[in-house]
Amino acid sequence: MCGAEREKRSVRIKPVSLDRAGPDEDAPSMDAPDRNARSPDETALDRELGARIERAVGRLPEKLREAWVLAVSQGLGYPEVAEILGIPVGTVKSRMFQAVRLLREDLASYAGEEVRDELR
């Protein structure tokens, strides 16, 4: 993925000045609740999931973890990962496939916990 494609996917936050006088259509309303705001419980669950994913990634074999961190955490494309690691792109794809499989297995119990919690 080239830099321009990565840039398109990034979230752009529009700055809002609190010093402005008068209402502004783009400014968030102080009266209306933010419908996208996360509850404290949701925020805690997100943090817990993040910690579990981090631990699961840490348990990956080193070669798989290297590819995962470069591709996912650093946002690099497979050709870039291949160049950094000095391996063919096909090997990067294979390592990523294996990493995803192992992470799914490792995190399956967590996914099961969420499903059980929703059914209660």
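Description of the structure in this document.

Scoring rules and cut-offs
In this convention, every chain numbers its residues from 1, walking through the sequence in written order. This being a predicted model, a pLDDT of at least 70 is required before a residue's local features are given, and a value of 80 or more before pairs of side-chain atoms are given or counted; all residues contribute to the totals for chains, interfaces and linings. Computation of side-chain values covers all heavy atoms of the structure but excludes hydrogens and water. Put simply, DSSP H or I for four residues or longer makes a helix, DSSP E for two residues or longer makes a strand, and each gets a number counted from the N terminus. To sort residues, take the accessible area from a 1.4 Å probe on protein chains only and compare it with the maximum for the residue type: under 20% means buried, over 50% means exposed, and anything in between is partly exposed. We call two residues in contact whenever any of their non-hydrogen atoms come within 4.5 Å of each other. With residues, only the protein chains shown are counted as cover, and all accessible areas are computed by Shrake-Rupley using a 1.4 Å probe. Expected span, for any helix, means 1.5 Å times one less than how many residues it has. Note that the arc is defined by the directions from the helix axis to the C-beta atoms.

### Topic: the overall build of the protein chain
Logical step 1: In terms of helices and strands, the protein chain carries five helices and zero strands.
Logical step 2: Beginning at the N terminus, the succession of helices and strands in the protein chain can be written as α-α-α-α-α.
Logical step 3: Of all 120 residues assigned to the protein chain, the portion counted as buried reaches 17%.
Logical step 4: For the protein chain, restricting intrachain contacts to residue pairs at least 6 apart in sequence, the fraction spanning at least 24 positions comes to 51%.
Logical step 5: Accessible area of the protein chain: about 9,700 Å², with a carbon and sulfur share of 54%.

### As for helix H2 (residues 40-58)
Logical step 1: Counted at 1.5 Å a residue, the expected span for H2 with its 19 residues is 27 Å, and the 27 Å between its end C-alpha atoms agrees.
Logical step 2: Looking only at H2, the buried set comprises Arg52, Ala56 and Val57. Taken around the axis of H2, the buried residues stretch over an arc of 135 degrees, which confines them to a single face. The exposed set on the far side of H2, more than 90 degrees from its buried face, consists of Pro40, Arg47 and Glu54.

The analysis is restricted to geometry; functional conclusions fall outside its scope.
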